[in-house]
Amino acid sequence: DAGVIQSPRHEVTEMGQEVTLRCKPISGHNSLFWYRQTMMRGLELLIYFNNNVPIDDSGMPEDRFSAKMPNASFSTLKIQPSEPRDSAVYFCASSDRTETDTQYFGPGTRLTVL
Amino acid sequence: DQQVKQNSPSLSVQEGRISILNCDYTNSMFDYFLWYKKYPAEGPTFLISISSIKDKNEDGRFTVFLNKSAKHLSLHIVPSQPGDSAVYFCAGIGTASKLTFGTGTRLQVTL
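Calculation rules
- Residues numbered from 1 in each chain as written.
- Chains lettered and ligands numbered in written order.
- Predicted model: local features only at pLDDT ≥ 70, side-chain atom pairs only at ≥ 80, totals over all residues.
- Heavy atoms only, no water.
- Phe/Tyr/Trp six-rings, centres within 6.5 Å; stacked < 30°, edge-to-face > 60°.
- Helix = DSSP H or I, 4+ residues; strand = E, 2+ residues; numbered from the N terminus.
- Buried < 20%, exposed > 50% of the residue type's maximum accessible area, 1.4 Å probe, protein only.
- Disulfide = S-S within 2.5 Å.
- Pairing = 2+ DSSP bridges.
- Axes fitted to C-alpha atoms, helices over the stretch in contact; angles between N-to-C directions.

Q: Help me understand the packing of aromatic side chains, please; the structure alone is not making it clear to me.
A: Aromatic ring pairs are described here by two measures, namely the spacing of the ring centres and the angle between the planes. Applying the stated rule across the entire model yields 13 aromatic pairs over all chains. With a centroid separation of 5.6 Å and an interplanar angle of 85°, the aromatic rings of Tyr35 of chain A and Phe101 of chain B are classed as edge-to-face. Of the two residues, Tyr35 of chain A is situated in strand S4 (residues 31–38) and Phe101 of chain B in strand S10 (residues 99–101); the pairing between them involves two chains. For Tyr35 of chain A, a relative accessible area of 0% gives the class buried. Here the aromatic rings of Tyr25 of chain B and Phe30 of chain B are separated by 6.3 Å at their centres, their planes lie at 65°, and the arrangement is edge-to-face.

Below, the structure written as structure tokens:
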């Protein structure tokens, strides 16, 4: 049973470049979450979708960040243009909205912006 | 505004002894609290949860205690094993299904 799949696992890019992170949630899960982990701020929720619809994007840092979920099995998080302060580990998680709303995390994408 | 706080960044415990990880919160609207464990280069994995209407939940070696009046929860691991060495995050979840995480506590179980 495949868990949440993220790609790429590592991304190194130069400042100003566009970065696209990808996520495939667990089949049957109807909620998807994007998180960012940094040393300073820990794990922060950026945006989450329910049934492919963005519900809360209040955690998205600024307009350079955008996320889409075109279907139930795929989501992207895009940063354009990227900046060195965007360097972090980005996690995707999915949930089937059971009573406890347990979220299952992917392995993360480590992004380094030079 | 840190709604969930883990004030101890690290903890070292001897194998076989009890590990106690603490977490404080300020948001009274959380419905559930969850603990996640994270190994290096992996995503957090769900460990155990507790409803806000309960004060204890136990699963094998792991027990979570909730003190609502003090807005405090703790995770007890007994006996601790070397494989338990990881970063532990507590998180609260409210009606909007948003998980709010603490900053984590790194547990090191020594031989």
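Q: Whenever I open this one, the state of the cysteines confuses me. Can you help?
A: Such a bond, covalent and formed between the sulfur atoms of two cysteines, is termed a disulfide. In the structure shown here, the tally under the stated rule is 2 disulfides over all chains. The partner cysteine of Cys23 of chain A in its disulfide is Cys92 of chain A, sulfur to sulfur 1.9 Å. Residues Cys23 of chain A and Cys92 of chain A share a disulfide whose torsion about the S-S bond is about -65°; that sign makes it left-handed. Of this pair, Cys23 of chain A sits in strand S3 (residues 19–24) while Cys92 of chain A sits in strand S9 (residues 88–95), and the two are 69 residues apart along the sequence. With relative accessibility at 1%, the residue Cys23 of chain A sits in the buried group. A residue is classified by how much of its surface remains accessible, and Cys92 of chain A, at 0% relative accessible area, is buried. Between the sulfur of Cys23 of chain B and that of Cys90 of chain B lies a disulfide, 1.8 Å long from S to S. Note on the Cys23 of chain B and Cys90 of chain B pair: the S-S dihedral is about 60°, so by sign convention the disulfide is right-handed. Of this pair, Cys23 of chain B sits in strand S3 (residues 19–25) while Cys90 of chain B is found in strand S9 (residues 86–93), placing the two residues 67 residues apart along the sequence.

Q: What's the story with the sheet that holds S3 of chain A in this structure? I'm lost.
A: In sheet architecture, strand pairing relies on hydrogen bonds along the backbone and comes in two forms, parallel and antiparallel. All names here are of chain A. One open sheet accounts for 4 strands, arranged S1-S3-S8-S7; its pairing is antiparallel. Either end of the sheet is taken by a strand with one partner, and the two such strands are strand S1 (5–7) and strand S7 (65–71). The mean inter-strand angle of the sheet, taken between neighbouring strand axes irrespective of direction, is 15°. Both S1 and S3 contribute to a ladder of 3 bridges, which runs antiparallel. Its bridge partner being in S3, Gln6 is matched across the sheet by Cys23.

Q: Explain the pairing of strand S4 (residues 32–38) of chain B here, please?
A: Residues and elements named next belong to chain B. A large share of S4 lies buried, amounting to 7 of its 7 residues. Neither face of S4 is open: one carries Tyr32, Leu34, Tyr36 and Lys38, the other Phe33, Trp35 and Lys37, and all of them are buried. For S4 and strand S5 (residues 45–51), the ladder comprises 6 bridges, and the chain directions are antiparallel. Note that in S5 the partner of Leu34 across the bridge is Ser49. The antiparallel hairpin formed by S4 and S5 contains 6 residues in its connecting segment, where Ala41 sits at a positive phi of about 65°. When S4 meets S9, the two strands line up antiparallel, connected through 7 bridges. What sits directly across from Tyr32, in S9, is Ile93.

Fair warning: the whole summary comes from geometry, so function is off the table for now.
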